Amino acid sequence: MTVPAARAEPYDVVVIGAGLSGMYQLHRLRGLGLRARVFEAGNDVGGTWYWNRYPGARFDSESWTYGYSFSGEILRAWQWSEHFAAQPETLRYCNFVADTLDLRRDIEFDSRVRAAAYDDAATGWDVEIEGGRRARARFLITAIGPLSAPTMPAIPGVESFAGEAYHTGTWPHRPVTFADKRVAVIGTGATAVQAITEIAKTVGHLTVFQRTPNWCAPLHNSVIDAATQARIQATYPQIFETCRSSFGCFIHQADPRNARDVSPEEREAFYEQRYAEPGFGIWMGNFRDVLIDREANATITDFMRRKIRERVKDPALAEKLIPTNHGFGTRRVPLESGYYEVFNQPNVRLVDLRETPIRRITPAGIETSETEHAFDMIIYATGFDAVTGAFDRIDLRGGEGRRLRDTWAEGPRTYLGLHVAGFPNLFTLVGPHNAATFCNIPRCIEQNVDWVTALLRHMGDRGYTRVEATAEAEREWTAHVHDTGRRMLFTQVDSWMMGINSNVPGKQTRTFLVYAGGAPKYRERCDAVAAAGYVGLTFR
Ligand SMILES: Cc1cc2nc3c(=O)[nH]c(=O)nc-3n(C[C@H](O)[C@H](O)[C@H](O)COP(=O)(O)OP(=O)(O)OC[C@H]3O[C@@H](n4cnc5c(N)ncnc54)[C@H](O)[C@@H]3O)c2cc1C
């Protein structure tokens with residue numbers, strides 16, 4: 001039953017989502033003395049780390065750079081056990097933060113927001129939760145995640161499969177076993193690479209269905225020993241300062257040299273060194289031109305190609321695992337812990353969907369153009385409708401009933417990735433065109449939340465109740481996002497960062513979802529806007 005709007009619960013702010021963004025935003029809203037309510041579709045906090053419980057799920061960010069930086073108490077009380085923590089530990093961390101800050105009393109779980117409409121007469125948002133409950137609030141903050149709308153492959157017959165079937169992004173909360181089972185994994189993105197490597201350790205027989213191979217690099221995870229733990233605790237300010245000054249807020253800084261400025265021997269030695277180091281160094285800490293210049297990119301791509309050939313024993317199989325449609329680093333780089341060696345196991349097979357595409361899922365398994373493969377379990381590691389997907393799944397209407405989905409039909413248009421003209425009093429944390437989409441995300445989440453919090457304080461101090469981006473500011477920022485992106489090689493390749501998802505109707509045309517100018521530039525711009533009295537925003 002739908003509750004009439006007039007009887008809906010009134011709040012100052014409704015936040016959608018209780019991942020890292022929603023949790024921190026709630027804490028800061030309380031600090032402003034505002035009455036805030038968070039609605040979360042899952043039945044606990046953690047967002048990404050609540051949903052993605054698949055085997056092998058873990059950080060690509062160094063754990064000690066990922067946690068919140070805003071609270072000395074939390075930093076001192078929490079110790080990460082590994083340099084790249086696994087999902088259960090990160091979920092425990094989210095719960096620890098929720099307990100420490102006593103967040104749950106203002107969060108309603110199992111509450112998926114179905115619709116939200118701006119009511120100009122009331123200067124506020126009318127929010128509808130699935131099941132018919134309603135809430136009203138002056139401000140609406142979306143904290144719905146860049147990778148939170150799982151997509152299934154557009155293959156007929158998915159419902160007909162008689163065995164176990166799971167999507168990695170909605171993995172069950174009970175243990176799933178693979179021993180003695182014939183398991184299929186569809187997908188070879190970052191999630192699939194983690195899951196395949198872990199499942200291969202115990203599986204009866206594993207078949208990997210690959211459409212597009214990715215350039216994967218070694219994670220080199222390890223336990224944090226006591227001395228390192230003490231050093232991390234003692235140097236948090238420096239760690240966060242390094243992150244702040246780097247392009248994507250990772251601990252890795254780009255090398256100031258160009259790949260073409262050094263001799264081939266020096267270049268090779270540098271690539272070997274990066275390949276042997278933990279984390280995203282090979283991607284984020286590479287020569288400054290490898291993600292911009294085609295020739296420079298070709299040198300690292302060639303290096304990575306040779307690495308795959310070294311690690312996969314069967315030369316024909318190695319060729320299938322080598323990407324041919326994009327250079328290294330121009331799509332999200334999966335980090336791996338023995339992925340290529342999995343394909344040397346006798347009980348693992350690769351099906352190349354470029355040669356034998358899937359026709360349908362059958363009750364017994366997967367039918368390709370060649371044969372029907374029988375399985376006990378199918379795992380869909382087919383990812384997410386990235387960045388705009390979670391917005392599209394809400395019937396979000398601004399002034400005059402205009403739908404956000406329609407407004408963004410030709411690609412998102414935003415101001416600073418946080419505001420949309422025609423949608424007053426809406427703030428989109430980690431939204432499209434926001435530096436947070438190309439970031440060690442919590443570092444950018446803290447910036448986003450602090451900026452929105454300061455804006456709300458600014459409004460409160462002056463008695464304003466309504467804020468909206470001007471169409472001109474939106475046009476200018478959107479053009480800036482496009483201009484900045486054009487120089488990066490990744491914008492010339494189909495990927496989720498460019499809004500491509502072959503499984504989602506209408507998402508086959510490249511558009512700029514992420515801000516490629518880097519977090520420091522983005523922060524500078526946001527700070528300048530605020531310092532100039534929030535230019536580009538109108539208040540009432
Ligand atoms: C497997 C995986 C690994 C990752 N690893 C890293 C990493 O190593 N480093 C990194 O920086 N980033 C990583 N990310 C990105 C990760 O999403 C962010 O780091 C971060 O968790 C985003 O936090 P968030 O709160 O913005 O979004 P999320 O954590 O996605 O939380 C959004 C929440 O909103 C809820 N929600 C969405 N729509 C609705 C609705 N309509 N109604 C109610 N609730 C709703 C969802 O249920 C979810 O709980 C990873 C992502 C995935 C999927």
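Relevant structure appears above.
Here is a short report on the structure shown in this document. (Residues numbered from 1 in each chain as written. Predicted model: local features only at pLDDT ≥ 70, side-chain atom pairs only at ≥ 80, totals over all residues. Heavy atoms only, no water.)

**Notes on the overall build of the protein**
When helices and strands are tallied, the protein shows 18 helices and 20 strands. The C-alpha radius of gyration of the protein comes to 23 Å, within 12% of the 24 Å expected for a compact globule of 540 residues. Oriented by its inertia axes, the alpha-carbon framework of the protein measures out at about 70 × 55 × 45 Å. By the burial criterion, 59% of the 540 residues in the protein qualify as buried. For the protein, the proportion of contacts with a sequence separation of at least 24, taken over those separated by at least 6, is 72%. Here the protein has roughly 21,400 Å² of accessible surface; of this, 50% comes from carbon and sulfur atoms. Averaged over its 62 positive side-chain charges, the protein has a centre that lies 2 Å from the centre of its 64 negative ones. (Helix = DSSP H or I, 4+ residues; strand = E, 2+ residues; numbered from the N terminus. Rg over C-alpha atoms; globule rule 2.2 N^0.38 Å. Buried < 20%, exposed > 50% of the residue type's maximum accessible area, 1.4 Å probe, protein only. Contact = heavy atoms within 4.5 Å. Areas by Shrake-Rupley, 256 points an atom, 1.4 Å probe, with all protein chains shown as cover. Lys, Arg positive; Asp, Glu negative; His and termini not counted. Charge placed at Lys NZ, Arg CZ, Asp CG, Glu CD.)

**Section: the packing of helix α1 (residues 20–31) against helix α16 (residues 441–462)**
With their axes 10 Å apart at the nearest point, α1 and α16 run at an angle of 35 degrees to one another. Note that α1 runs across α16; the crossing there is right-handed. Residues Leu20, Ser21, Tyr24, Gln25, Arg28 and Leu29 of α1 touch α16, and the partners they reach there are Pro442, Ile445, Glu446, Val449, Asp450, Val452, Thr453 and Leu456. Among the residues forming the contact of α1 with α16, the class breakdown is eight nonpolar, three polar and three charged. (Axes fitted to C-alpha atoms, helices over the stretch in contact; angles between N-to-C directions. Left-handed = near helix turned anticlockwise from the far one by under 90°. Nonpolar A, V, L, I, M, F, W, Y, C, P; charged D, E, K, R; others polar.)

**Overview of the sheet that holds strand β7 (residues 164–167)**
The strand order across the open sheet formed by five strands is β7-β16-β8-β9-β12, and the pairing between neighbours is parallel. Among the strands making up the open sheet, the edge pair consists of β7 and β12 (348–352). Shown here is a sheet whose adjacent strand axes are inclined to one another by a mean of 15 degrees, direction ignored. With four bridges joining them, strand β8 (residues 182–186) and strand β16 (residues 377–380) adopt parallel strand pairing. (Pairing = 2+ DSSP bridges.)

**Examining the pattern of salt bridges**
Counted under the stated rule, the structure contains 47 salt bridges. Between Asp44 and Arg104 there is a salt bridge; the shortest N-O distance is 3.0 Å. Of the two residues, Asp44 is situated in the loop between β2 (36–39) and α2 (48–51) and Arg104 in the loop between α5 (87–100) and β3 (107–108); the sequence distance between them amounts to 60 residues. With a relative accessible area of 26%, Arg104 lands in the partly exposed category. The salt bridge partner of Arg354 is Asp352, with a shortest N-O separation of 3.1 Å. Look at Arg354 and you get partly exposed, because its relative accessible area is 42%. Connected through shared salt-bridge partners, Arg30, Arg37, Asp102, Arg105, Asp106, Glu108 and Arg133 make up one network. (Salt bridge = Lys/Arg side-chain N within 4 Å of Asp/Glu carboxyl O.)

**Let's talk about the side chain of Ser111**
Position of Ser111 among the secondary structure elements: in the loop between β3 and β4 (113–119). The exposure class of Ser111 is buried, given its relative accessible area of 1%. Here the side chain of Ser111 touches Arg133 through a polar contact of 2.8 Å, side chain to side chain. (Polar contact = N/O pair within 3.5 Å; in protein donor to acceptor, adjacent residues only side chain to side chain.)

**Points about the state of the cysteines**
This model, assessed by the stated rule, comprises one disulfide. In this model Cys439 forms its disulfide with Cys444; the gap between the sulfur atoms is 2.1 Å. One disulfide, between Cys439 and Cys444, carries an S-S torsion of 85 degrees and so falls in the right-handed class. For the residue pair Cys439 and Cys444, the accessibility class agrees, reading buried in each case. A disulfide-free cysteine, Cys94 has its sulfur positioned 16 Å from the sulfur of Cys439, the nearest such atom. (Disulfide = S-S within 2.5 Å.)

**A short note on the sheet that holds strand β13 (residues 358–361)**
Consider a sheet: its strands pair through backbone hydrogen bonds, and that pairing is either parallel or antiparallel. Within the open sheet, the three strands sit side by side as β13-β14-β15. Their pairing is antiparallel. Looking at which strands have only one partner, the edges of the open sheet turn out to be β13 and β15 (372–374). Along the sheet, successive strands turn relative to each other by an average axial angle of 20 degrees, direction set aside.

**Observations regarding the packing of aromatic side chains**
In this structure the tally under the stated criterion is 37 aromatic pairs. With centroids separated by 5.5 Å and ring planes inclined at 65 degrees, the aromatic side chains of Phe59 and Trp80 adopt a geometry described as edge-to-face. One end of the pair, Phe59, is in the loop between α2 and α3 (63–66); the other, Trp80, is in the loop between α4 (72–77) and α5, and 21 residues separate them in sequence. With a relative accessible area of 1%, Phe59 lands in the buried category. (Phe/Tyr/Trp six-rings, centres within 6.5 Å; stacked < 30°, edge-to-face > 60°.)

**Structural notes on the side chain of Thr151**
On the secondary structure map, Thr151 appears in the loop between β6 (134–142) and β7. A distance of 3.4 Å separates polar atoms of two side chains, one belonging to Thr151 and the other to Asn501. Ignoring any residue separated from it by four or fewer positions in sequence, one finds Thr151 in contact with His167, Thr382, Gly383, Phe384, Asp385, Arg393, Asn501 and Val504.

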